[in-house]
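A structural walkthrough
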Amino acid sequence: MQEYFFGLADHLTSQLEGGEVFTSLFRAEDSDFVRFNQSRIRQAGSVVQRVLQLDLVRGQRHAGAAVSLSGDEALDHERLARVVPQLRDRISSLPEDPYLLYATGGESAGKVAPNLLPAPDDAVDAIQQSARGLDMVGVYAGGAIHAGFANSLGQRNWYTTYSFNFDWSFYRDTDKAVKSGYAGSQWDPEAFDRKVRMASHQLDALRRPPHTAKPGRYRVYLAPAAVHDFVGMLAWGGFGLKALRTKNTPLLKLAEGKARLSDAVEISENTAGGVAPNFQEEGFIRPDRVPLISRGTHAGSLVSPRSAKEYGEPTNGASAGERPESVDVAGGSIPETEILRRLGTGVYVGNVWYLNFSDRSNCRTTGMTRFATFWVEGGEIQAPLNVMRFDETVYRMFGENLVGFTRERDWILDPDTYVQRSTSSGRIPGALVEDFPFTL
Amino acid sequence: MIEGIEARFREVLPEGAFCSLRLVDERSETVSVRQDVLQPVRSSEDVGAMLTLVDGSGMGYAATSDLSRSGLKAAVDRARTWASRTSGRGLVDFSAVPQVSVQGEYQSPVERGWDTLPLSDKVDLLQSQSRQLKRGDRIVDWLAEITRVRSESLLLTSTGGRVHQQFEFLIPVLSATANEGAETERRTLGGDLLGRQGGLEVLDQVGFTTEAPRIADQALELLSAPDCPAGQMDLLLAPDQMVLQIHESIGHPLELDRILGDERNYAGTSFVTQDMFGTYRYGSELLNVTFDPTAPGELASYGFDDDGQPARLEHIIRNGILLRPLGGRTSQIRAGMEGVANARASGWNRPPIDRMANLNLEPGDSSFGEMVKSTGHGVYMETNCSWSIDDSRNKFQFGCEYARLIENGELTRVVRKPNYRGISATFWRSLRAVGSRDECRVMGTPNCGKGEPNQQVRVGHRSPPCLFGTVDVFGGE
């Protein structure tokens, strides 16, 4: 695949006219998707796709197109032979772009992981065996993901990973379920069994009659999956330079020093520790780490090349959306094994669901509890909790009301498959929080 | 792209098994002016096909962007492998699902084609709107944008089916962000819900060239407005909030694949169960909801769904009583229930699942003025900006960009950060009045998410303003 893409880039270079430059980002995958319901296969198949995002530049004028490719060199040359003149024509009718910025001295590099994936039959067999006698629903996604950057200045970058992500739930009844995930590059039967046993153990706790909490403030433990979703909300405009300069960030008060979070809050974009490619669409290479929040205060922003030019700051290789792809929340000092004891009486929240801002200026977020969420008394799980709505500002929950983060962190590989399989991930601890409001 | 694919499909057809090909060729272009600066003009061409094969009780699919004969042959082979893998291990016996042999065509209505306006004129139009959005220094960000999508699909089956559909979508966006100190308010033209099928005439239909000053002025007005008060009060919702309310708390809970459990790991389940259809009181007598992919110009209008089922108008809720789920051919067979033609895929690389299409709330006989007049203590909310609902689609909380109080039958002060919450199962029973046909607006979202693997589809909704009694309303911090 790498050879195919670099060959395409060389061909594109040969098609340029005087004064023209191109940049291109290539994304491809060869994926199997197996969807399950009631522990049986609901839909199964595979997807092979290749997309080239091409930007043709002449001076400060440019135009871009995303084109799906067949993988057949002759056919794809033909397709590009049609697209390039279209872009050339378009450029001539467009004004100069004052915010155009692309890498001109970028470093070429490549990263190719070995293919250690299980055969699809073996993965499906293992999954169906583990769910025997249980009501399992979820999806297995696995296969190769490729990404590449090339420009006419000679820069070449490549990334290949072979990964799987089995994202599933065991259901007790109605909406009472345990959600789990097993992801990686090599199927380890023992590790998978441990995940299944842990989920089955939690499923047992769901046998008890559910508890309904009254609206009010509770001490809660947010498991890493729940914390990951809250950080995901912050990532919705909270960490990008453009959102900061246009005052759209939900963390405006933090950035302007009018509010702060707990000293324990340390958030960074940890590209070195993630699995996403370290290059982006204009060819810039990401640093290993970009601090975003440090000791509860604003520490930096993700800066795309376009924002860099617009606001006069150096880029740190962020994509146009300026969202973290390898988010890292520092762990704290609470041992995971002590969580129930430290929670005492309150709510263990395994997962949250459907978060949204109810007051963006104050970073107030509403959402629901979901899956394994339990009522806890005296440090013991008493009963599953019927779903509850919450509505709380991050400034309180990760500020004055944050008791602490767990020492251990989960490495969460994003199971998102919109458009293509995600390569985002997060290293996330659990959080113990006081006075967390349930509203409905 | 259509040329040649039929012949190649016939050449690679396997013997003794049902096989279909669904080709999608989707082209889009976005022209956008932000802060009076033209943003990079982006286009995309996304072309590929999904081959689906039924072998015994199993079904498998393989999607590919390689449409050569060898590419299609390889996809057929992969689909056959998946079909045989799933045979006997699947949830659905696909040998019992009737296969399509229907033939038909559909084309979006277009009055003024995208190419009738040169790119430079589109840029001028957007520049003009952009300038009108900048109403003073406190407007800190502003955007005028149009996205055009042309999508062509061809469904071929080994049983002689052939469905060819050509869609044209236009999705306009206008937004203004105002800031003062730590307070930021954003006002848009209809949120992200303005999309329709059609050509450039959609711009006039949605007020794209007239509304920029109002949007900007209202963003500024919100900066100094008090927060929406909290309490139980009557709630009058504009169509650009109603469409979200319909989408989340009627559309999704009635999707039959959710009721059958397919979505429990991701999009969620439903508080609605199969035994409720035919008898359950979903809302007050005033609630009438139709599923109508045949409505011209809505975002999810079509002639056939992606399984090849002919589109038809169906009453989903009549006089408040729940009648029919939103389930396509496969779900109907699984559930033993009648449904609708709504098996839809987001593109060539995802399989069809139950989706909403156009879900419309039918008009009543109250005018907007009458509804305001009948309200002693309430609030009027416009334009969705926040949406959250539980995985059973029951406990919801929604927020709007803009609101005005209703006091003693009059619209009075502007208030900001209006939110409200409720429970689907009871909320619709508090529907007190429904606006008239003249006050209906056609809207829709281009990015309704669901499914594993994940899919975003276009969904249309039409609604008048509606009045609800005694709702839990509140504001910001």
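Not measured: the values here are computed from a predicted model.

**Some details on the overall build of chain B**
From N to C terminus, chain B includes 10 helices and 24 strands. Relative to the 2.2 N^0.38 estimate, which gives 23 Å for 477 residues, the radius of gyration of chain B is 24 Å and therefore close to what a compact globule would have. Buried positions account for 58% of the 477 residues belonging to chain B. Long-range contacts, defined here as pairs at least 24 residues apart, represent 76% of the contacts in chain B between residues at least 6 apart.

**Details of the pairing of strand β8 (residues 183-188) of chain B**
Residue and element names in this part refer to chain B. With respect to burial, β8 is a largely interior element, five of its six residues being buried. Sheet topology note: the strand β7 (residues 162-180)/β8 ladder contains six bridges and is antiparallel. Directly across from Asn179, in β8, lies its bridge partner Thr184. Taken together, β7 and the strand that follows it, β8, pair antiparallel across an intervening segment of two residues, in which Gly181 is found at a positive phi of about 60 degrees.

**Thoughts on the domain arrangement of chain B**
Residue and element names in this part refer to chain B. Domains assigned within chain B are domain 1 (5-223) and domain 2 (231-474). Each of domain 1 and domain 2 has a C-alpha centre, and the two are 22 Å apart. Between domain 1 and domain 2, the contact holds 42 residues from the first and 35 residues from the second. In terms of residue class, the side of domain 1 that touches domain 2 is made up of 20 nonpolar, 12 polar and 10 charged.

**Re the interface of chain A and chain B**
Put simply, an interface is often sized by how much accessible area is lost when its parts join up. Each partner contributes to the interface: chain A provides 75 residues, whereas chain B provides 65 residues. It is strand β2 (residues 40-58) of chain A that contributes the most residues to the side of chain A that touches chain B, 11 residues altogether. Classifying every residue of the side of chain A that touches chain B gives 30 nonpolar, 25 polar and 20 charged. Strand direction decides the pairing type here: β2 of chain A and strand β4 (residues 58-64) of chain B, joined by four bridges, are parallel. In the sheet register, Gly45 of chain A faces β4 of chain B, and the bridge partner there is Tyr61 of chain B.

**Re the domain arrangement of chain A**
Residues and elements named next belong to chain A. Here the domain parsing of chain A yields domain 1 (2-205) and domain 2 (216-438). Its C-alpha centre places domain 1 at a distance of 25 Å from the equivalent point of domain 2. Contacts between the two partners involve 34 residues from domain 1, matched on the other side by 28 residues from domain 2. Looking at the side of domain 1 that touches domain 2, the elements that each hand over two or more residues are β1 (20-37), β5 (135-151), β6 (156-173), β7 (176-184) and α4 (189-205).

**Thoughts on the packing of helix α1 (residues 2-15) of chain A against helix α2 (residues 73-92) of chain A**
Residues and elements named next belong to chain A. At their nearest, the axes of α1 and α2 sit 11 Å apart, and the two run at 40 degrees to each other. Seen from above, α1 lies across α2 with right-handed handedness. Facing Tyr4, Gly7, Leu8, His11, Leu12 and Gln15 of α1, the residues of α2 in contact are Glu73, Asp76, His77, Leu80 and Val84. The residue makeup of the contact of α1 with α2, split by class, is five nonpolar, four polar and two charged.

**Let's talk about the environment of Gly104 of chain B**
Residues and elements named next belong to chain B. Mapped onto the fold, Gly104 is located in strand β5 (residues 103-107). C-alpha separation for the pair Gly104 and Arg196, spaced 92 residues apart in sequence, amounts to 22 Å. Ignoring anything within four residues of it in the chain, the contact list for Gly104 reads Val163, Gly303, Phe304 and Pro310.

Basis of the calculations
Residues numbered from 1 in each chain as written. Chains lettered and ligands numbered in written order. Predicted model: local features only at pLDDT ≥ 70, side-chain atom pairs only at ≥ 80, totals over all residues. Helix = DSSP H or I, 4+ residues; strand = E, 2+ residues; numbered from the N terminus. Rg over C-alpha atoms; globule rule 2.2 N^0.38 Å. Buried ≥ 20, exposed ≤ 12 C-beta atoms within 10 Å, placed from the backbone. Contact = placed C-beta atoms within 7 Å. Pairing = 2+ DSSP bridges. Domains from an automatic or database assignment. Nonpolar A, V, L, I, M, F, W, Y, C, P; charged D, E, K, R; others polar. Axes fitted to C-alpha atoms, helices over the stretch in contact; angles between N-to-C directions. Left-handed = near helix turned anticlockwise from the far one by under 90°.

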